[in-house]
Amino acid sequence: MDTQPWSAVDADPMTAWRPAPWSEDPQPAWWKVTADRAFLASTVVVSLGGEPGVPRPSELRLTTDTGSVVVPVADTGEEQVLPLPEGYTSQLTISSTTPGNAEDAPAFALAEVRILGMTVHRSTVTPPVAGPASVYAFEADRGRPGCVTGGDGAPLCAAPLVTGSEEAVWLDRTFFVTDWTEYQVFGTATARPGRALDELLTSVRGTVTVEATSEPVTDPRASAAAAVDGDPTTAWLAAGDDVRPTLVLTFPEPRTIDSLRVVPTERQAGAAPEAVTIEAGGLPRTLRLTEDGTVRFTPITTDRLSVTFEVPDDLQSLDPATRWNQQLGVGIAEIEVGQPNPVTPPETPVVTECGTGPEVRLDGTLYLTSVRSTVGALQTLQPLALEFCEPATAPTLKIPGGEHRVLARSNEAFAIESVALSRTGAGAATAPGQRGAVETTRWEAEHRTVQLAARDEETLLVIPENTNHRGGRRAWTASRSPPSPSTAGSRATSSRPVPPPRSSSPSPPAPRTGRRWRSAPARCCCSSCSPSCLPGSGPTAPAGSGCPGWAPASRRCWPRPSSSARRCSVPRWSAGWWASGRWPDSGCCGS
């Protein structure tokens, strides 16, 4: 969801548009924006996305109604100002200059594109209603931050749990009102993982400021701030490819330090360090940790301390669903300088100033908000009721019939979750119904049955599922048995790969090793213990060929994990392989 074309203009640098990795189009990948009227701009501001281990393009082609230019770009994710062809234009196309099926094609991705004088929004238009609606409720898709709560209430965090948001910054809805109606406006938000939230929690707790070399999970229960929050159930998790995982602590004023203690995580999936390298404006020193994680050294006076963690062995994390190995980064529950970190009660109140919450606009009228919460609610990303600055209560406004638009914007610390308009004076007869659970009689991967009692009013059956945005893939369908006019239909979708049909085909040539390869014919072999490729609709390999599946040749293929050394006899299909964009070695075992 966070790699679609809209991601390049959503004002969120954490999302980026990327071409489909399975495309075999020989034409260079391109991204295009079209305005409803001609505009005049001499430059465009572009921030390139990135892919680990793959360089960004060295040049881009910019095309408008008046011409086309090829401009050099730097291999950086920072903003770059690029010149445009002179003259008025109603569109801009940004494309790579490398063919899409080239073997060594660079990683072309656009994190942000800004054109002076052009504002881009994407509004979801809701269907009209027959009469006055009691409630208009609009919710944003927030994605998943990377932490879940276990049965004992403690967090469990991992980078593979992170999912992007389709509406990372804006909640934009267009709706219709039949006649003049008076509504009250309400809203909810959640704390938005990132540096701004960490700084807010740090200021409330009174802990030291800490920064990390990597944060694959920005949730405050797994970010750098978790290493100084005094809670051993939370932990900073470094990226698996961070060869020198480092925490930098900044104190409000210089202090004398002669010891520190490192507490590795016991609950999270993270490697435990054996030694640390400390640096405080002088010569770095590497010290081995004692059994309780303590090191002592010659006293130093500083307001900034850098601690690099030395991990003795490489640890791998095995996903049981996909059987895909990933490098584990270091996990630090607490780093204590001189004394244990202070513990802040989760019920400690947090009240922000007016204007620090998400902004809400209704037909151009701006409503500023603030947030009243607690440390525990912010850290666990619980929904928070917005407090409108003026008036202090929920705004009440009379809306004429016709089309209207709600536009809410998240900021760095708080993300808009929902906006609701409740009709004033609505009696009990028109009050919205209550949501309740239904009886589940069968719930399997491919067949599900729920039991509903007979009812007179129309009822909506809601079944949360993954959004099926893989065009052409099989989706869930729903049916009623027996049919009943008192029961409403349901809709649910799921993304699930379907194995290609079997047929005969000649054996392919042996693939080349390496991170990315492309076979000479139109298909490649997803074989055991060999470089692998994305699944496709082609036939499976003939019996006895040792190749569990065929797929169209792709310019983006992945090698087997280095730890997979032996061949298994039974290949496996898994939905997670397709969803992750990888096609692991289905027939390889761990060493």
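Residues numbered from 1 in each chain as written. Predicted model: local features only at pLDDT ≥ 70, side-chain atom pairs only at ≥ 80, totals over all residues. Heavy atoms only, no water.

**Let's talk about the confidence of the model for the chain**
Looking at the chain as a whole, its pLDDT mean stands at 76, while 74% of the residues score no less than 70. Taken element by element, the predicted model of the chain shows its lowest mean pLDDT in strand 36 (residues 588–590) (29) and its highest in strand 3 (residues 59–64) (95). Low pLDDT, under 50, characterises residues 466–475; the predicted model gives this stretch 25 contacts beyond four residues in sequence or across chains. Confidence over residues 483–591 falls short of pLDDT 50; this stretch has 244 contacts with residues more than four positions distant or in other chains. (pLDDT = per-residue confidence, 0-100. Helix = DSSP H or I, 4+ residues; strand = E, 2+ residues; numbered from the N terminus. Contact = heavy atoms within 4.5 Å.)

**Focus on the state of the cysteines**
For the coordinates displayed, the defined rule picks out two disulfides. The disulfide partner of Cys147 is Cys157, and the gap between their sulfur atoms is 2.0 Å. The sign of the 110 degrees torsion about the S-S bond sets the Cys147-Cys157 disulfide as right-handed. One end of the pair, Cys147, is in strand 10 (residues 147–149); the other, Cys157, is in strand 11 (residues 155–157), and ten residues separate them in sequence. Covalent S-S linkage joins Cys354 and Cys389, the inter-sulfur distance amounting to 2.1 Å. Around the S-S axis, the bridge from Cys354 to Cys389 shows a dihedral of about 125 degrees and counts as right-handed. With Cys354 in the loop between strand 23 (349–351) and strand 24 (359–362) and Cys389 in the loop between strand 27 (384–388) and strand 28 (396–399), the pair connects residues that are 35 residues apart, well separated along the chain. (Disulfide = S-S within 2.5 Å.)

**Regarding the nonpolar core**
Counting 36 residues, the largest nonpolar core has Tyr136, Phe175, Leu362, Leu378, Val419 and Leu421 as its most contacted members. The residues contacting Phe175, other than those within four sequence positions of it, are Thr126, Tyr136, Phe138, Leu362, Gly402, Glu403, His404, Arg405, Val406 and Leu421. Ranked by size, the runner-up nonpolar core spans 28 residues in total, among them Val33, Val44, Leu48 and Met118. (Core = buried A, V, L, I, M, F, W, Y, C linked by side-chain atoms within 4.5 Å. Buried < 20%, exposed > 50% of the residue type's maximum accessible area, 1.4 Å probe, protein only.)

**Side note on the environment of Pro254**
Looking at the secondary structure, you find Pro254 in strand 16 (residues 246–264). Residue Pro254 is classed as exposed on the basis of its relative accessible area, which comes to 58%. For Pro254 and Thr302, which are 48 residues apart along the polypeptide, the C-alpha to C-alpha distance reads 4.7 Å. Beyond its immediate stretch of four places on either side in the chain, Pro254 contacts Thr301, Thr302 and Asp303.

**Points about the sheet that holds strand 7 (residues 110–114)**
Read across the sheet, three strands follow the order 5-2-7 without closing on themselves; strand pairing throughout is antiparallel. Edge positions in the open sheet fall to strand 5 (79–83) and strand 7, since each of these has one partner strand only. For this sheet, the mean angle separating the axes of adjacent strands, direction not counted, is 25 degrees. Pairing analysis gives four bridges linking strand 2 (residues 43–48) to strand 7, with the strands arranged antiparallel. Residue pairing for strand 7: Ser47 is matched across the bridge by Glu112. (Pairing = 2+ DSSP bridges. Axes fitted to C-alpha atoms, helices over the stretch in contact; angles between N-to-C directions.)

**Here's the deal with unusual backbone geometry**
Despite not being glycine, Asp363 has its phi angle at roughly 55 degrees, a positive value. Along the chain, the position of Asp363 falls in the loop between strand 24 and strand 25 (365–367). Even without a glycine there, the phi angle at Leu381 is positive, about 60 degrees. With respect to the helices and strands, Leu381 occurs in the loop between helix 2 (375–379) and strand 27. Relative accessible area serves as the criterion here: at 15%, Leu381 is assigned to the buried category.

**With respect to the packing of aromatic side chains**
Each aromatic ring pair is summarised here by two numbers: the centre-to-centre distance and the angle between the ring planes. Following the criterion strictly, the structure yields seven aromatic pairs and no others. Their ring planes at 40 degrees and their centres at 5.6 Å tell us that Phe138 and Phe175 sit as a pair that is tilted. You can see Phe138 sitting in strand 9 (residues 135–139) and its partner Phe175 sitting in strand 12 (residues 170–177), a full 37 residues away along the chain. Note on accessibility: Phe138 and Phe175 belong to one class, buried. Taking 6.0 Å as the distance between ring centres and 90 degrees as the angle between the ring planes, the aromatic pair formed by Tyr367 and Phe388 counts as edge-to-face. Of this pair, Tyr367 sits in strand 25 while Phe388 sits in strand 27, and the two are 21 residues apart along the sequence. Each member of the aromatic cluster is reached from another via a ring pair, and the members are Tyr136, Phe138, Phe175 and Tyr183. (Phe/Tyr/Trp six-rings, centres within 6.5 Å; stacked < 30°, edge-to-face > 60°.)

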